[in-house]
Every structure is written in structure tokens, then in C-alpha cells.
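Coordinate analysis (summary)
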2 protein chains.
Amino acid sequence: MLPSLDPGSDRAVFRQIADHLREAIKRGDLREGEKLPSEAALMKHYGVARGTVRQALQLLQSEGVAAAEHGRGVFVRPRPPVRRLASDRFARRHRERGQAAFMAESEASGRRPSVDMLTVTQAAPPLDIAERLKLDEGTATVVRRRRYLHDGHPVEVATSYLPADIATGTKIGEPDPGPGGIYARLEELGHRLDHFDEQIEARMPTAEESRVLALASGVPVFHLIRTAYDTDGRPVEVCDTVMAADSFVLSYTLPAS
Amino acid sequence: MLPSLDPGSDRAVFRQIADHLREAIKRGDLREGEKLPSEAALMKHYGVARGTVRQALQLLQSEGVAAAEHGRGVFVRPRPPVRRLASDRFARRHRERGQAAFMAESEASGRRPSVDMLTVTQAAPPLDIAERLKLDEGTATVVRRRRYLHDGHPVEVATSYLPADIATGTKIGEPDPGPGGIYARLEELGHRLDHFDEQIEARMPTAEESRVLALASGVPVFHLIRTAYDTDGRPVEVCDTVMAADSFVLSYTLPAS
DNA sequence: CTCGCCTACTCGTCTAGACGAGTAGGTAAC
DNA sequence: GTTACCTACTCGTCTAGACGAGTAGGCGAG
């Protein structure tokens, strides 16, 4: 099934082995979730040392193509179900049905959403967040942190910051903010939402993020920072979100004029 | 400068070494572009084998924190200058100044943009592109492929597909489409642009992408697929773009209503 | 002064072996 | 039948060494 090494090639042996396995996956010889040949089998097939085989497998893992499981083997990394996030996902019409954005969308796609590790505290935000909220450094905010899961698998951690003068003493400062989520509460408090600015970066996860999101190696994260503005032009919330990039497709509509 | 190993810890030695170096970088002891201790120096400092040191350095590279340069050393990966892409970047008012989107924006941020590896061909698009263009499989399109560079560094490769019945025989089918780029030409041809749909994914690069974009290991890519619609609701262009994720921040405005 | 070579240092690749730890299936004791 | 153990197989970590190849600086020949 796997070809032999090309001794004339100047491509490193471990790269050639990785190429062979990658092709086999692409061809469909090895399907999603299927087990790759064990290190021992590859050593025998190619007649190389274990270190060389491991380099090849390491490469595939860093590409996000394969994932090793201790004691079991190396497997073709299954692609998790993808959530599509549309740019109208925070539109009022969705909110008025009484569901927060994540839950509504996730259920629509036929999956079981849940929230986890919810904490609500009061603290001064990081400097860049304070700037976005147009607050002086050290000004108190209500900080809502939570983890979102999809069919039990963590996919996203988000931290919201709201100026304390708006949120303290309201349902926003409580673990359960009630139907429609914090955006519904903000509007009830007289802060009619006008628009959101969303900034997107992609990078490799920190060790901490890798743990909390249970990420396989070779999976980057989306880092979203969203600022909500009310109709007075005041920023009323900043939400800092880290998402497993293999679980999301983001989608936006851009104006042509 | 670097601490010693904790023999009592159950954390693997190579992870501890990577932790130490990561902390040193975070603390600022090692600055952007600075050289990490050589493998030999780390072997001596920690009293471990070279393989162990290399595992630690490999880990940092896969995190995008460091980058090795053959024969020179391992360096704290400098963060390249970032381009911010706003959601109005294809607005008509920009186009009317006679510059295509990339060039205009790049020069505004004080950098030297250039385009490279430009090819224009006629071919049937991949199936998913054909679907977005609402074309039957096998229908011909004009395919424009190019690479964008920023101060001489490649940052983005893009492939545009336009229905042949619109584009063939126009300036869109020529290497230089003229002032304002292909969107200006489309509008002149009577296809007034209405809006764009942009879909964003993030993933690790393929070997091919890694080469063309000269990516360091540990740098993911943004994969954008943008569809342009005219005022008749007809899709008139699909642009498939792969961007070095460390060189971009994407920014969008979302409606609240 | 310039060019080319030599050398020391750097990372890249590969080998051969050791021990540890997680998994899974069979088997023997209860 | 259930439980506990044993064993074979898997990947994870670490060692010690070899050779290759790219880089950069010094030094001598021209």
C-alpha cells in the first residue's frame, strides 16, 4: 500500500514517509478516524530507525492531519462538525425569540449545546479591553467568563467585559442573565444596540487554551474580539473569544458601496 | 538566567525546558528576533541529551514562538507587521480612486506592496467554486491567480474565478486589468456590485502553501472564500484566498438589527 | 584591499537502544 | 459471571553518537 523510499531524492526520509501517508489519506486509502500503521510497522516497512518514523508522524500531527493517542495508535484526525457563524447572528430578531446566540445557532444545526465553567466577577479589565470600552485604566467591569460545548466537546471560551456602571446590580451581574442573554438585558436597560465591531486573528493556541479546549496538536484557534455599541455610540460590552478553528467557519457580508 | 530542572516534577524534561524559554521570552529576557541559547549551550546547562533539547525547541516552534535558521541558531520569532483588513475594504469609494484593494490598503499603512506570480488562464473551476458561481460543473471561467507581497515578503495568494461569459475578451482576461482592478471593470460591464459574502476558515498550511508563503512552522493560515454579487443577485466572481495568519487582523462590522 | 579558503559553530537528519506508561484483550482465580 | 492480573502492543521520553550542511568570521594569498 505504501510506496518505497526514493534513495536518489534529496528530500529527507522522514518527509518522504510523511508524504506517503498524507497521500494515502488524501486518496482515501486511510479514512477519517482510521488507524495509521504503527511505528513498529513503519520501521519495518521502510527499514529505518524509530526516530525517523516518529519525525514523520510528528510532522503530520503538526499539520493537523493526524493525531496520536497514547497506547492506542496514530489516527487520521477526524474533522469535527463545523458550526457556521453568520454575520447576522446577533440580530435582534434572533434575540427576541429568547435565546442567546450560541444556543440558538447550535440547536438549529441539530447539535446539543451546553455552557460550562461559568464565572461572573467584578474586576478591572486588561488594558486593551479598557481602551475598547473607552474606560480609564483600573475602572471596574463585570466580567463574565464561560466555556461553550458542542455535543459535550469544548469548542469556545469567551470572556465578556461590561462597564460596572451599566451592569452592576442587574441580571447581567448574575450567573443566569435570563432569556435572550445579556444583550436582551442591555436593551431593557436602555442601551439599544446599534452595531458590533468584530476583530479576528488566527494563531496557535497557548498551552492553557490547548488544555481548556482539549485541542489536538496542529489545530489553530480563532481569536475574536467583539465590541458592542449602543445607539449613542457608547461601547457597552467587549467579548474576548477563543475558538477551536477546526470547529468553525465564520461568514460575513460586506457592503460594496 | 534559566532555572534548573525540577526532578520531582512529573512534567517531561523537554516541556520544562520549553516552559523556561517561553517564560524568558514572555518576561522580555529574550526579545523579538533575539537568539535563543544554542542546542549545545542548553545541553550543557540542563545536562541532557541533544534530542531532549531539540524536542523543547521543536515545541516552541510548533507554537509559533520561535523559529530555527539553519546554521545560525534559533530565534524568538519576530512578529511581522500586521495588515488590518476592514469590512469596507471593497467599498466603491476606494475603488474610484483607481487602486485595487490590496495596493491601496497596503500603501496606506506605509508599506511597499507588490504583486507576483500572476497568471491568467481559462479553465473549469473546482466543484465548490462552480457551485458558488451557480455554474454547471465544467463551465469555463477566467482564472486569475496571483501572490501579494508586503515589503517583499509574501503574505497572500489569491485565485479569482469569473464566469467566462462575463470576463472573456475583456480586460479582466488580461494580466493588467487596469485602474481600480477587476471590480471596476465588472461595474463598467454593467455588473454593478451589490455585496460580498466572505467565508473564513483557519487551519495549518499545506506543504505547498507553506512554501509559496514562506511560512515559519507554527503559523496558521486564513482561508477566505469571497463571493461577489451584482445588483441582479448574480454571483460574478469568487475569490479564494490563503493568507499568512500572522500578518493579518480581519475586522468586520455586524448589524444589531 | 579583495578574494577564496579554512575552521568553528550552528541546526538537520538518522541510527540504535533503553525504559516508562497507557490500552486492550485473554486468562485464571474467585 | 465477575474480577484481577498478565501480556502484548502502542506511543512517550530520554540517551549517546554519527555525519551532513549552512553560516560567519578569520586569515592568508594574490
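Reading the values: the criteria
Residues numbered from 1 in each chain as written. Chains lettered and ligands numbered in written order. Predicted model: local features only at pLDDT ≥ 70, side-chain atom pairs only at ≥ 80, totals over all residues. Heavy atoms only, no water. Near = heavy atom within 4 Å. Polar contact = N/O pair within 3.5 Å; in protein donor to acceptor, adjacent residues only side chain to side chain. Helix = DSSP H or I, 4+ residues; strand = E, 2+ residues; numbered from the N terminus. Nonpolar A, V, L, I, M, F, W, Y, C, P; charged D, E, K, R; others polar. Phe/Tyr/Trp six-rings, centres within 6.5 Å; stacked < 30°, edge-to-face > 60°. Buried < 20%, exposed > 50% of the residue type's maximum accessible area, 1.4 Å probe, protein only. Axes fitted to C-alpha atoms, helices over the stretch in contact; angles between N-to-C directions. Parallel < 35°, antiparallel > 145°, perpendicular 65-115°, else oblique. Left-handed = near helix turned anticlockwise from the far one by under 90°. Contact = heavy atoms within 4.5 Å.

Named according to an unreviewed UniProt entry, chain A is GntR family transcriptional regulator originating from Kineococcus xinjiangensis.

1. What to know about the protein's contact with DNA strand D
In the neighbourhood of DNA strand D, 23 residues make up the surrounding shell, with Arg50 of chain A together with Val13, Ala49, Thr52 and Arg72 of chain B lying closest. Here, DNA strand D places atoms within 4 Å of the protein, and 67% of those atoms are sugar or phosphate. Within the backbone of Val13 of chain B, a nitrogen or oxygen atom sits 2.5 Å from a phosphate oxygen of DNA strand D. In the environment of DNA strand D, a phosphate oxygen lies 3.2 Å from a nitrogen or oxygen atom belonging to the backbone of Phe14 of chain B. For the surface near DNA strand D, the secondary structure elements donating two or more residues are α3 (50–62), β1 (66–69) and β2 (73–76) of chain A together with α1 (13–27) and α3 (50–62) of chain B. Its residues assigned to classes, the surface near DNA strand D comprises seven nonpolar, eight polar and eight charged.

2. Quick word on the packing of aromatic side chains
Residue and element names in this part refer to chain B. Counted under the stated rule, the structure contains seven aromatic pairs over all chains. Ring centres of Phe90 and Tyr183 lie 5.7 Å apart, and the angle between their planes is 90°; on these two criteria the pair is classed as edge-to-face. Residue Phe90 is located in the loop between β3 (83–85) and α4 (92–95), and its partner Tyr183 is located in helix α8 (residues 181–188); the two are separated by 93 residues in the primary sequence. For Phe90, a relative accessible area of 8% puts it in the buried group. Among the residues examined, Tyr183 registers a relative accessible area of 8% and is labelled buried.

3. A short note on the packing of helix α1 (residues 13–27) of chain A against α3 of chain A
Residues and elements named next belong to chain A. At a minimum axis separation of 8 Å, α1 and α3 run at an interaxial angle of 50°. Considering their axes alone, α1 and α3 lie oblique with respect to each other. For the element pair α1 and α3, the recorded crossing hand is right-handed. Where α1 approaches α3, its residues Val13, Phe14, Arg15, Ile17, Ala18, Leu21 and Arg22 are matched on the opposing element by Thr52, Gln55, Ala56, Leu57, Leu59 and Leu60. Of the residues contributing to the contact of α1 with α3, the split by class is nine nonpolar, two polar and two charged.

4. Here's the deal with the environment of Ser210 of chain A
Residue and element names in this part refer to chain A. With respect to the helices, strands and loops of the structure, Ser210 is situated in helix α9 (residues 207–212). Judged by relative accessible area, Ser210 falls into the partly exposed class, the value being 24%. Sequence separation of Ser210 and Leu127 is 83 residues, and the distance between their C-alpha atoms is 24 Å. When sequence neighbours within four positions are dropped, the list of residues in contact with Ser210 reads Pro205 and Leu215.

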